[in-house]
Amino acid sequence: MVSEELAEIEGQISDIFRALSNGFQKLEKIKDSSRQSRQLEELTEKMRDCKRLIKDFDREVKDSDYKNDPDTNKMLNEKKQSMIKELNSYVALKKQYASNLENKRVDLFEGPGEGFPEENVLLASNMTNQQLFDHGNRMMDDTDQAIDRAKKVVHDTIDVGTETAAALKAQTEQMSRIVNELDSIHFSIKKASQLVKEIGRQVATDRCIMALLFLIVIGVISIIIVKIVNPNNKDIRDIPGLAPPAPARKLLWVSD
């Protein structure tokens, strides 16, 4: 038999799957890129919640494994695999929409060509061979310097990109660890709350029993006191094991 916790988690996961299905259907009808981006963010958040609930479902299944029969455990594991498969299908669909949205944002820019002022242009017909040679050397020097600057920019860009990728990877791993720790804390808090409720019910039961025993002891003590004070009272029956007080002996005086 499936526990109430498992049934509740399964219901929450089903609600999220319905919301995801409706959300992607709505996404197909949206044409504006900014609205599509916001819709994808909302769907991504729902998928994170669904992933956390599936982890809770898996923990509950493992905790109740010894309580269930083999058929029930098999059914629960199959249901968990089905949930994971359905969530992966939505993740793949989200990636596809995100890729399409990113392609729409790619713009090609064409910069204007740089021209030289007309007054600085020296026609080859008016230049001597030495002037042409010197001008060619200057152009090659300028070209070499531009190539060196471009190489430096490329190397700097590669270094920055490598450092950024490493930092992003480290942050992603850290965020993944934090999410897993938060899921574990959430699950531990839920189990602790259930344990506190059970302890509270046991304490309440123990208090009721102690109060009943106290009332019984008080009643017995009251009856004993009444019997001692008024032993001739016939309205109160003798308590088994408690003998009535012995009657006072009277001595007869015989005169000579």
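> Help me understand a negative patch on the surface in this model?
Taken together, the side chains of Asp141, Asp142, Asp144 and Asp148 present a region of like negative charge at the surface. In this fold, aspartate 144 is placed in helix α4 (residues 129–229). In this structure aspartate 144 comes out as partly exposed when scored by relative accessible area, which is 42%.

> What is the right way to read the packing of aromatic side chains from this model?
Aromatic rings in a pair are described by how distant their centres are and how their planes are angled relative to each other. Tallying each qualifying case throughout the model produces three aromatic pairs. Look at phenylalanine 17 and tyrosine 90: their rings are 6.0 Å apart centre to centre, the planes differ by 25 degrees, and that puts the pair in the stacked class. Of this pair, phenylalanine 17 sits in helix α1 (residues 4–29) while tyrosine 90 sits in helix α3 (residues 70–104), placing them 73 residues apart in sequence. Neither residue differs from the other here; phenylalanine 17 and tyrosine 90 are each classed as buried. Aromatic ring contacts, followed pair by pair, group Phe17, Phe24, Tyr90 and Tyr97 into a single cluster. The ring of phenylalanine 187 has arginine 59 lying over it, and the distance from NZ or CZ to the ring centre is 5.3 Å.

> Just to check I follow, could you spell out the packing of α1 against helix α2 (residues 33–63) for this structure?
When two helices pack together, you describe them by how their axes are tilted relative to each other and by the distance separating the axes. Between α1 and α2, the shortest axis-to-axis distance is 9 Å and the interhelical angle comes to 160 degrees. With respect to α2, the axis of α1 lies roughly antiparallel. Regarding α1 and α2, the two cross each other, and that crossing is left-handed. Residues of the contact of α1 with α2, tallied by class, amount to 17 nonpolar, four polar and seven charged.

> Can you walk me through the environment of asparagine 73 in this structure?
Inspection of the secondary structure puts asparagine 73 in helix α3. Along the primary structure asparagine 73 and valine 61 are separated by 12 residues, whereas in three dimensions their C-alpha atoms are 7.5 Å apart. The residues contacting asparagine 73, other than those within four sequence positions of it, are Ser64, Asp65 and Asn68.

The rules behind these values
- Residues numbered from 1 in each chain as written.
- Predicted model: local features only at pLDDT ≥ 70, side-chain atom pairs only at ≥ 80, totals over all residues.
- Heavy atoms only, no water.
- Patch = residues over 30% accessible without salt bridge, like charges linked within 9 Å, V, L, I, M, F, W, Y side chains within 5 Å.
- Areas by Shrake-Rupley, 256 points an atom, 1.4 Å probe, with all protein chains shown as cover.
- Salt bridge = Lys/Arg side-chain N within 4 Å of Asp/Glu carboxyl O.
- Lys, Arg positive; Asp, Glu negative; His and termini not counted.
- Charge placed at Lys NZ, Arg CZ, Asp CG, Glu CD.
- Helix = DSSP H or I, 4+ residues; strand = E, 2+ residues; numbered from the N terminus.
- Buried < 20%, exposed > 50% of the residue type's maximum accessible area, 1.4 Å probe, protein only.
- Phe/Tyr/Trp six-rings, centres within 6.5 Å; stacked < 30°, edge-to-face > 60°.
- Lys NZ or Arg CZ within 6 Å of the ring centre and 35° of its normal.
- Axes fitted to C-alpha atoms, helices over the stretch in contact; angles between N-to-C directions.
- Parallel < 35°, antiparallel > 145°, perpendicular 65-115°, else oblique.
- Left-handed = near helix turned anticlockwise from the far one by under 90°.
- Nonpolar A, V, L, I, M, F, W, Y, C, P; charged D, E, K, R; others polar.
- Contact = heavy atoms within 4.5 Å.

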